[in-house]
Amino acid sequence: MYVAVKGGERAIENAHRLLAHERRGDRDVPEVSLAQISEQLSLGVDRVMTEGSLYDRELAALAIKQARGDLIEAIFLVRAFRATLPRFGATEPVDTGAMQVRRRVSSTFKDIPGGQILGPTFDYTHRLLDPLLAEGFAPETPATGEASTGATPRVTDILGRDGLIEPSPVAEADAPVGDLTREPLNFPADRDLRLQNLARADEGFLLALGYSSQRGYGRNHPFAGEIRFGEVEVEFMAEDVGFAVPLGSIALTECQMVNQFKGSATEAPCFTRGYGLAFGQSERKTMSMALVDRSLRARELGEEVIAPGQDEEFVMSHSDNVQATGFVEHLKLPHYVDFQSELGLLRKLRKEFAEANEAPQMQEAAE
Amino acid sequence: MAGNESLANENGGQARRKAVMAVLAHSATADIAGHLATLALPVHEDLRAPENGLVMVRGRVGGDGAPFNLGEATVSRAAVRLSTGEVGFGYTLGRDREKARLIALCDAMVQSVELAGAIEAQVVAPLRAAMIERRNRKVAEAAATRVDFYTLVRGEG
């Protein structure tokens, strides 16, 4: 029960003033700029864009600054901002096959057309803290190499030519694309809604679920068919212009997981797939997303649903860190009246308990 | 026949406008403005005042399957009309309304027989060259990280 209580305005105002002061930190230290956050904490910006569900580097950097580096708070700020702008429509689906690839690796084939391109990666670093970075460090300019002239097709497309892997599900003509920002979630949910939910989902939650599915809570130990990161062109069918207009490009990471499938009475054995896609360079996120996307296909593929990562209602209802933080953190808001009523009830129960225990004792004493 | 010809012309015109829009969307506002400043701009008015909004970015299941909603992106758009009647549209990612207006102005000029040559030569061509150079540099940086596998031969067989 919520009851309006007045008071505390001065305290709140001063608390926010103190927050602004603490956010700034020691004023002898230069203030961090949005460009610095965007350029030098770029993976944090990518995460806020992905889970905030809004591609805008500058806004994500502002949110990180305002939230003092608390990324979930920053995601919350970005989600709230979204609601202030009108939506013009939906883009044409992006073509990740035509990506300007900056990184592309496959754990299934050594020799893939276009090659294995490591790009800017933490992989194979020694994870030793680098004291040079503490002192201000100008890195070497990157090495350059000769670009291959061929295309970099998706690895799953190569497997698909021999029918060794299931094809991607094709949309029914004119079927609407589910949008969980517009309609309330209902179960069972189709894969389009599941992927939208997973794309916005908390990285840590998906990481833990994906990990649990690898460890045996739902058998799911795939190969990373391909991970690619780079720029894709975005086009928007503008009714006023009369054709699909180019909007520029966005950075995306895509992960294709390849899983075993033993086949069924009607289908030959083939590899199945899990899919992950996220804004920016978000490799752990897309890998986790692809693991969970595949484990959520358990029912569709006739697998026994025994683990949390296979339960779409469990996963989709708890994946959103803005919703989750709202419900967890609301516990700290005043519940004075609720608590008073609980306290009154408890006193009454204890009194009844004491009276019930006293009565036989008195009877014993009388005998 | 005449109908087909005009359709082909229209498609050709659209393809040219689209190619110009792509270059401009990839360019910085200051660079577009800088190159436009070298031209005598035609008389024009805002048909739609520049505004900010969102588009829902879509991906495809598995990269090539049914579409799904990935997340939104900020966009800006504007429309401009030249005094000679050509209507230009500007759309771009981000919240820079001035960039959308400049793209709309360029799009209108591209459709004008008198202005199309100048806008291509003075604005689009240099911006396209800079865009290709940026892209090639990124491709070359990535190419240097391509793995060359070699096989270690063990024993004498």
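Residues numbered from 1 in each chain as written. Chains lettered and ligands numbered in written order. Predicted model: local features only at pLDDT ≥ 70, side-chain atom pairs only at ≥ 80, totals over all residues.

Trainee: Provide a residue-level description of the pairing of strand β1 (residues 44–60) of chain B, including the pertinent values.
Mentor: Sheet analysis places strand β2 (residues 87–90) of chain A next to β1 of chain B, joined by three bridges and oriented parallel. Within β1 of chain B, the position partnered with Arg 87 of chain A by the bridge is Leu 54 of chain B. Across 14 bridges, the pairing between β1 of chain B and strand β2 (residues 67–82) of chain B is antiparallel. By the bridge assignment for β2 of chain B, Arg 58 of chain B is matched with Asn 69 of chain B. What sits between β1 of chain B and β2 of chain B in their antiparallel hairpin is a turn of six residues, with Gly 62 of chain B showing a positive phi close to 75 degrees. (Pairing = 2+ DSSP bridges. Helix = DSSP H or I, 4+ residues; strand = E, 2+ residues; numbered from the N terminus.)

Trainee: An account of the nonpolar core is requested, with residue identities and associated values reported.
Mentor: Counting 95 residues, the largest nonpolar core has Val 48, Ala 60 and Ile 250 of chain A together with Cys 106 of chain B as its most contacted members. Top element by residues in this core is helix α3 (residues 97–110) of chain B. It accounts for nine residues. Among residues more than four places away in sequence, those in contact with Ala 60 of chain A are Val 45, Val 48, Met 49, Gly 52, Ala 74 and Val 78 of chain A. (Core = buried A, V, L, I, M, F, W, Y, C linked by C-beta atoms within 7 Å. Buried ≥ 20, exposed ≤ 12 C-beta atoms within 10 Å, placed from the backbone. Contact = placed C-beta atoms within 7 Å.)

Trainee: Explain the interface of chain B and chain A to me, using residue names and the numbers behind them.
Mentor: On the chain A side, the residues contacting the 50 residues of chain B number 65 residues. Mapped onto the side of chain B that touches chain A, the elements with two or more residues apiece are α1 (2–25), β1, β2, β3 (87–93) and α4 (116–143) of chain B. Among the elements that line the side of chain B that touches chain A, the one with the most residues is β2 of chain B, at 11 residues. Split into classes, the residues belonging to the side of chain B that touches chain A amount to 25 nonpolar, 14 polar and 11 charged. Across two bridges, the pairing between strand β1 (residues 54–55) of chain A and β2 of chain B is parallel. Among the inter-strand pairings, Tyr 55 of chain A is bridged to a residue of β2 of chain B, identified as Ala 73 of chain B. (Nonpolar A, V, L, I, M, F, W, Y, C, P; charged D, E, K, R; others polar.)

Trainee: Mind laying out the packing of helix α5 (residues 71–82) of chain A against helix α11 (residues 321–329) of chain A, listing which residues take part and the relevant values?
Mentor: Residue and element names in this part refer to chain A. It is the contact of α5 with α11, at a shortest axis distance of 9 Å, that shows an interaxial angle of 110 degrees. Comparing the axis directions of α5 and α11 gives the class roughly perpendicular. Between α5, through Ile 72, Ile 75, Phe 76 and Arg 79, and α11, the contact on the second element is made entirely by Asn 321, Val 322 and Thr 325. Of the residues assigned to the contact of α5 with α11, the class counts are four nonpolar, two polar and one charged. (Axes fitted to C-alpha atoms, helices over the stretch in contact; angles between N-to-C directions. Parallel < 35°, antiparallel > 145°, perpendicular 65-115°, else oblique.)

Trainee: Talk me through α4 of chain B; I want residue IDs and the actual numbers.
Mentor: Considering bend angle alone, the principal kink of α4 of chain B is centred on Val 124 of chain B and spans about 40 degrees; proline Pro 126 of chain B follows within four residues of it. Taken together, the buried positions of α4 of chain B are Ile 119, Val 123, Val 124, Leu 127 and Ala 142 of chain B. (Bend = angle between axes of the 7 residues up to and from the residue.)

Trainee: Run through the environment of Glu 9 of chain A, naming residues and quoting values.
Mentor: Residues and elements named next belong to chain A. Locating Glu 9 in the fold gives a position in helix α1 (residues 9–24). Owing to 8 C-beta atoms within 10 Å, Glu 9 belongs among the exposed residues under this scheme. Put simply, Glu 9 and Gln 196 are 187 residues apart on the chain and 40 Å apart in space, counted from C-alpha to C-alpha.

Trainee: Tell me about the confidence of the model for chain B, and name the residues and values.
Mentor: Across chain B, pLDDT averages 92, with 92% of residues at or above 70. Reported for the predicted complex are a pTM of 0.92 and an ipTM of 0.92. (pLDDT = per-residue confidence, 0-100.)

Trainee: Give a detailed account of the sheet that holds strand β5 (residues 243–259) of chain A, specifying residues and quantitative values.
Mentor: All names here are of chain A. Spatial ordering of the open sheet is given by β3-β4-β5-β6, a layout of four strands whose pairing is antiparallel. Among the strands making up the open sheet, the edge pair consists of β3 (100–105) and β6 (272–279). Strand after strand, the sheet turns through a mean of 25 degrees between neighbouring axes, direction not considered. Bridge count between strand β4 (residues 223–238) and β5: 15 bridges; the pairing is antiparallel.

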